[in-house]
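Letter by letter, the chains look like this.
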Amino acid sequence: MRYYPNIPDLNANSSINLLLKRAKENRTVWIEEYETTGGYSALKKALTKLTPEDIVIMVEESTLRGRGGAGFPTGRKWRFALANPKPRYLICNADESEPGTFKDRIIIERDPHLLIEGMIISAYALGAELGFIYIRGEYPAGYMILEDAIEEARKKGYLGKNILGTDFSFDILVYRGAGAYICGEETALIESLEGKRGHPRLRPPYPANEGLFGRPTVVNNVETLSNIPIIVTYESYYMSIGPAGYYGPKLFPISGKVKNPGVYESTMDITLRELIDMAGGMKDGKKFKAVFAGALGVYSERDLDTPMDYSPKGFGGTGTTIVLAEDDCIIDALIVIGEFFHHESCGKCTPCRVGTYELLNILKKFQEGTATEKDIKYLEHLCENIPVGSICGLGYSAPNAVRDALKKFRDEFYLHIEKKCPAGVCFKE
Ligand code: L3W
Ligand code: SF4
């Protein structure tokens, strides 16, 4: 095997050992080991014992929801695509770029065949003959590992023409992004794959109806597709894993002020408090202050007993958990997130392009001690209006963290107007 750059030494732990069964080890599991630990048996079962329709029904019954943030029911998305004629395409969204999100990376780098097997079974169910993995440019090792693992799968007859002697043929191409977060938005990703500038399209039409090259296309996240071999293996038992309606394993990337940052696997009835405990609790005995959940928003101590599922009361999303302690400044953390969204806005919609710039500038006024009460009102105005005039998830979610912080940590904004930073981060001489 060739040399792979930049594979981080990440903690990984699991209370259920499904998605992280092999990836808990800090190394790549190649095809021989994958097979001897049960790998590709779900594909063999699918191709010899199940029809494509059987698999679609299993995925519908599993209640699997998209793990890329939006939580859309996977079976329903597949049905939309199946209602359209062939050729259909399958795309794996591996453009993982949300702040604090590194859960897909661990599957790609350590257990690539789990994703590949999931894609082959999904393609069989969807009647797709070609699939793509769109991987972010900043995952060079993941790109090389996927290419090598795909070659291994081709040699063993799991990919290519007449897979395992059946009349089903399917292959996967890996495509590298070039560092733009917006290309994780499914229609921008499709534009980028088509060789164009990665700008989102207006939806509808959704990709399931009109996607890559105008053909019906299913775009699913890495973690979503990696659930498919587990669903096919466990069938109805999958419905005993986790809370009713939100079955199956979920990965949670945890970073910030916890003792053991890393990727943790659990059922979705786990609460935020339990998740932090799973990561060893707060670092250096510091007091918990907040969680920044990527694009989803900000949680405070009052949210600690909320479950991490996709129910109306749950947190859902990608599972991203960036933990802040008493010595972290909310305004400072908002600026980090604000810089990200301002930088990554593609500029197509004025409210997002200008609004993310304005959000960032006003936040900086609080850090510099030049903000007034009027700026709180202006922040609220922006939080309300940026999503209204935006056409994609980036614009919808860019103000989430500021909006939540204004509700849950409002006192910190007023203290900064008085040039006081409760964490002692701002206004240092
Ligand atoms: C056919 C319909 N398909 C909806 C499909 C749609 C898409 C999925 C979800 O993502 C989230 C946001 C952030 N016919 C359909 C249909 N679909 N109605 O369902 O759609 P939607 O619009 O709810 O969400 P979205 O815009 O695709 C937005 C998160 O993504 N996000 C960041 C993600 C970052 C990562 C990462 O780093 N790993 O995933 C940014 O916006 O949380 O909730 O497939 O086609 N009638
Ligand atoms: Fe681009 Fe923002 Fe509009 Fe999305 S909402 S298309 S990122 S300008």
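We now turn to the structure provided with this report. (Residues numbered from 1 in each chain as written. Chains lettered and ligands numbered in written order. Predicted model: local features only at pLDDT ≥ 70, side-chain atom pairs only at ≥ 80, totals over all residues. Heavy atoms only, no water.)

Details of the environment of Ser397
Take Ser397: it is sitting in helix α15 (residues 393-397). Overall, the relative accessible area of 13% leaves Ser397 in the buried class. Residues Ser397 and Asn385, spaced twelve residues apart in sequence, show a C-alpha to C-alpha distance of 11 Å. (Helix = DSSP H or I, 4+ residues; strand = E, 2+ residues; numbered from the N terminus. Buried < 20%, exposed > 50% of the residue type's maximum accessible area, 1.4 Å probe, protein only.)

Details of the sheet that holds strand β9 (residues 298-299)
Read from one edge to the other, the open sheet built from six strands follows the order β1-β7-β6-β10-β8-β9, with strand pairing classed as mixed. Either end of the sheet is taken by a strand with one partner, and the two such strands are β1 (11-14) and β9. As paired strands, strand β8 (residues 288-292) and β9 are joined by two bridges and run antiparallel to one another. Following the sheet pairing, Phe292 is matched in β9 by Val298. The sheet contacts of helix α5 (residues 103-110) involve β1, β6 (249-256) and β7 (262-267), and relative to β6 the element is tilted by about 110 degrees. (Pairing = 2+ DSSP bridges. Contact = heavy atoms within 4.5 Å. Axes fitted to C-alpha atoms, helices over the stretch in contact; angles between N-to-C directions.)

A look at the pairing of strand β5 (residues 217-221)
With five of five residues buried, β5 lies mostly within the body of the structure. By the alternation rule, side chains of β5 split into Thr217, Val219 and Asn221 and Val218 and Asn220, which are all buried. Pairing analysis gives five bridges linking strand β2 (residues 88-94) to β5, with the strands arranged parallel. Across the sheet, residue Cys92 finds its bridge partner in β5, namely Asn220.

A word on the nonpolar core
Counting 71 residues, the largest nonpolar core has Ile55, Leu115, Ile120, Ile133 and Phe170 as the members making the most contacts within it. Apart from the residues lying within four places of it in its own chain, the contact partners of Phe170 are Leu90, Met119, Ile120, Ala123, Ala128, Glu129, Leu130, Gly131, Leu159, Gly160 and Ile163. Counting 53 residues, the second largest nonpolar core, distinct from the first, contains Tyr134, Leu212, Leu359 and Ile386. (Core = buried A, V, L, I, M, F, W, Y, C linked by side-chain atoms within 4.5 Å.)

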